[in-house]
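Here is how the chains run, residue by residue.
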Amino acid sequence: LSESEKLYMLMNYISVSVYINDVIVYVSDENAAYGWDALTDVSITSQDTVTFDLNTKRDVRYSAGFKDFFENLNKSTKAAIISKKLTENLLAILGDFILCILGSIMIMYGVQSRHNPSNGRYGLLSCGIATILGAMTCFFNPEYITLLFPNYELIMYIDSVAQIFSILFVLVYFQRFLKKEEHRYKAKIAIVFAYIIVSIYMLWSSIGYPAGIGAMVMIFASGGLICFYNIWLFVKDREFINDRITKTALYAACFLLICVTIEISHYLLAGVFVVYVLEFGLIAFAFVQFYVIAAEIYHSRDEAMRLKDAEYELTQAKINVMISQIQPHFLYNAFSTIRALCNKDTEKAR
């Protein structure tokens, strides 16, 4: 190690003790769950024997933390590691940036549609917010975010809340496609139930009790059931409507739900998220919603043009009727006046 370099270690729910020539030189913080730390003020040469004693802080998924530790063991500077991690995740960060742009455009379109309730203003706002929250959850990759913001617990709390509310806003968005009032009412009841679960989770976490993996599994399981219930209402509603736009939106929702399920399943099995799967699902979902919005705009513009043409034709018809009623009376009165003048003043009659 040079004077400017440190030995950086990533600890994913593991405790670490470092020995140099059987002399202990480092012990990790027992209270730290996830984050980076550096071995400083030590001299290591090629003749020294360095031993790492690793212990998991979890009852399951032993290999995930150990694998992360050795893959990210770096003799470098903090700035160099941040640069390396951002470069490695450049594609994902670019995807997050695209999602934020798409979400912002949806929100702007929703605000502009505030005078036209038929466009589903609140649905569009919800879709835009859900897209931005989804981008936020993808950006909160702990491998590099903990280098920028060391408070892992706060970051993960914000991340989990963003994940939960992104799902809720997606559910609110899809209410705009339900045509039957009965199905809209049932969807609102399901969303209220989801908000109650989320409120309990946030209250439990905010008063100092860590929710833990079990609580998150319960939250996502409940959210998954509510999502499937809304899709079932969607399918039932299609028995009475056969709208291409609605079917496209439904397929996009199903695809996003599959991506979320893959992410959660992989996390439960391997202890890490596959961020690219969720990000791909969100980008596909966002682009499909842009198609839906564009199709709705085209349809509404076409309807407006047809309505304008119909109003013009109706106005012309009214004018023609009025003219047809006025002309005979005008001619009759003109000829009657001329006839009367013939006996009194022939010059004026001429």
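This text goes with the structure placed above it.
Summary of the structure given here.

Reading the values: rules and limits
Each residue is numbered by its place in its chain's sequence as written, counting from 1. A pLDDT threshold of at least 70 governs which residues receive local features in this predicted model, and a stricter bar of 80 or more applies before side-chain atom pairs are shown or counted, although totals over entire chains, interfaces and linings include all residues. Note that the side-chain values use all heavy atoms of the structure and ignore hydrogens as well as water. For helices the rule is a DSSP run of H or I covering at least 4 residues; for strands it is a run of E covering at least 2, with both sets numbered from the N terminus onward. Working definition: with a 1.4 Å probe on protein chains only, accessible area under 20% of the residue-type maximum means buried, over 50% means exposed, and in between means partly exposed. We call two residues in contact when some of their heavy atoms are within 4.5 Å. Every accessible area reported is derived by Shrake-Rupley at a probe size of 1.4 Å, with residue values counting cover from the shown protein chains alone. Ring pairs are drawn from Phe, Tyr and Trp, using the six-membered ring of Trp, whenever the two centres fall within 6.5 Å, and their geometry is named by plane angle: stacked under 30 degrees, edge-to-face over 60, tilted for the rest. Pairing between strands requires that DSSP locate at least two bridges from one strand to the other. Angular values range over 0 to 180 degrees, each being the angle between N-to-C directions of two axes fitted as lines to C-alpha atoms, with helices fitted over their stretch in contact. What makes a nonpolar core is a set of buried Ala, Val, Leu, Ile, Met, Phe, Trp, Tyr and Cys residues whose side-chain atoms join them at distances within 4.5 Å. Here a patch means residues that are over 30% exposed by relative accessible area and free of salt bridges, tied together within 9 Å if like-charged and within 5 Å if nonpolar (Val, Leu, Ile, Met, Phe, Trp, Tyr). Basic side-chain nitrogens of Lys or Arg form a salt bridge, by our definition, when they fall within 4 Å of a carboxyl oxygen of Asp or Glu. Throughout this description, a polar contact denotes any pair of N or O atoms lying within 3.5 Å of each other; where both atoms belong to protein, one of them has to be capable of donating a hydrogen while the other can accept it, and for residues adjacent in sequence the pair is counted only when both atoms sit in side chains. Our arc is simply the arc of the directions from the helix axis toward the C-beta atoms.

1. Section: the overall build of the protein chain
Part 1: For the protein chain, the helix and strand inventory stands at 11 helices and 6 strands.
Part 2: Scored against the burial criterion, the 350 residues of the protein chain give a buried share of 39%.
Part 3: Within the protein chain, residue pairs in contact and separated by at least 24 positions form 71% of the contacts whose partners lie at least 6 positions apart.
Part 4: Carbon and sulfur atoms make up 64% of the accessible area of the protein chain, which totals about 20700 Å².

2. Description of the packing of aromatic side chains
Part 1: In the structure shown here, the tally under the stated rule is 9 aromatic pairs.
Part 2: Ring geometry for Phe69 against Phe70: centres 5.1 Å apart, planes inclined by 90 degrees, an arrangement best described as edge-to-face.
Part 3: Classification of Phe70 by relative accessible area gives partly exposed; the value is 49%.
Part 4: An angle of 40 degrees between the planes, with centres 6.4 Å apart, marks the rings of Phe165 and Phe169 as tilted. Taken together, the positions of Phe165 and Phe169, both in helix H6 (residues 152-174) and 4 residues apart, correspond to about one turn of that helix. Phe169 shares its class with Phe165; the two are buried.
Part 5: Put simply, the rings of Tyr13, Tyr34 and Tyr152 touch in pairs and so form one group of aromatic residues.

3. Observations regarding the sheet that holds strand E3 (residues 23-27)
Part 1: Taken together, the 3 strands give an open sheet; going across it, the order is E3-E2-E5, and neighbouring strands pair in antiparallel fashion. Strands at the two margins of the open sheet, each flanked by one partner only, are E3 and strand E5 (50-56). The mean angle between the axes of side-by-side strands here comes to 25 degrees, regardless of whether they run parallel or antiparallel.
Part 2: Two elements, strand E2 (residues 14-20) and E5, share 7 bridges in a ladder whose sense is antiparallel. Bridging from a neighbouring strand, Ile20 pairs with Val50 of E5.

4. Concerning the nonpolar core
Part 1: Counting 46 residues, the largest nonpolar core has Phe165, Tyr173, Phe174, Phe177 and Phe285 as its most contacted members.
Part 2: Looking at this core, the element that brings in the most residues is H6, giving 11 residues.
Part 3: When near neighbours in sequence (up to four residues on either side) are disregarded, Phe165 contacts Leu133, Tyr195, Val198 and Met202.
Part 4: Core analysis: the second largest hydrophobic core is formed by 15 residues, Tyr34, Ala38, Ile81 and Leu147 among them.

5. Section: a nonpolar patch on the surface
Part 1: Together, Leu91, Leu94, Phe97, Ile98, Ile101, Ile105, Met108, Tyr276 and Phe287 make up a nonpolar patch on the protein surface, roughly 880 Å² of accessible area in all.
Part 2: Looking at the nonpolar patch, the elements with two or more residues in it are helix H3 (90-112) and helix H10 (275-344).
Part 3: Top element by residues in the nonpolar patch is H3. It accounts for 7 residues.
Part 4: With respect to the secondary-structure elements, Phe287 resides in helix H10.

6. Overview of the side chain of Thr131
Part 1: If you trace the backbone, Thr131 turns up in helix H4 (residues 121-139).
Part 2: At 2.8 Å, the side chain of Thr131 and the backbone oxygen of Cys127 are in polar contact.
Part 3: Setting aside anything within four residues of it in sequence, one finds Thr131 in contact with Leu99, Gly103, Met106 and Ala286.

7. Concerning the pairing of strand E1 (residues 6-12)
Remember that side chains alternate between the two faces of the sheet whenever the strand is regular.
Part 1: Along E1, 6 of the 7 residues are buried, which leaves the element largely enclosed by surrounding structure.
Part 2: Direction of pairing for E1 relative to strand E6 (residues 74-76): antiparallel, over a ladder of 3 bridges. The residue of E6 that forms the bridge with Leu7 is Lys75.
Part 3: Pairing analysis gives 6 bridges linking E1 to strand E4 (residues 34-39), with the strands arranged antiparallel. Within E4, the position partnered with Asn12 by the bridge is Tyr34.

8. A look at the pattern of salt bridges
Two side chains bearing opposite charge may form a pair once their charged atoms approach each other closely.
Part 1: If you walk through the whole model with that rule in mind, you get 5 salt bridges.
Part 2: Put simply, Glu71 and Lys67 hold a salt bridge, and the shortest N to O gap is 3.0 Å. Highlighted residues: Glu71 and Lys67, both in helix H1 (residues 62-71), separated by 4 residues, approximately one helical turn.
Part 3: By relative accessible area, which is 51% here, Glu71 ends up exposed.
Part 4: Connected through salt bridges with shared partners, the residues Lys85, Glu88 and Glu143 form a single ionic network.

9. Things to note about the sheet that holds E4
Part 1: The 3 strands lie next to each other as E4-E1-E6, forming an open sheet whose pairing is antiparallel. In this open sheet, the two strands that pair with only one neighbour each are E4 and E6. Pairwise comparison of adjacent strand axes, ignoring direction, gives a mean angle of 30 degrees for this sheet.
Part 2: Most of the contacts of helix H2 (residues 78-88) go to E6, to which it runs at about 120 degrees, and overall it touches E1, E4 and E6.

10. Points about H2
Part 1: When H2 is considered as a whole, its buried residues turn out to be Ile81, Ile82 and Lys85. Looking straight down H2, one finds its buried side chains confined to an arc of 100 degrees; they lie on one side. For H2, the exposed residues set more than 90 degrees away from the buried face come down to Ala79 and Thr87.
Part 2: Among the structural elements, E1, E4, E6 and helix H5 (142-148) are those in contact with the buried residues of H2.

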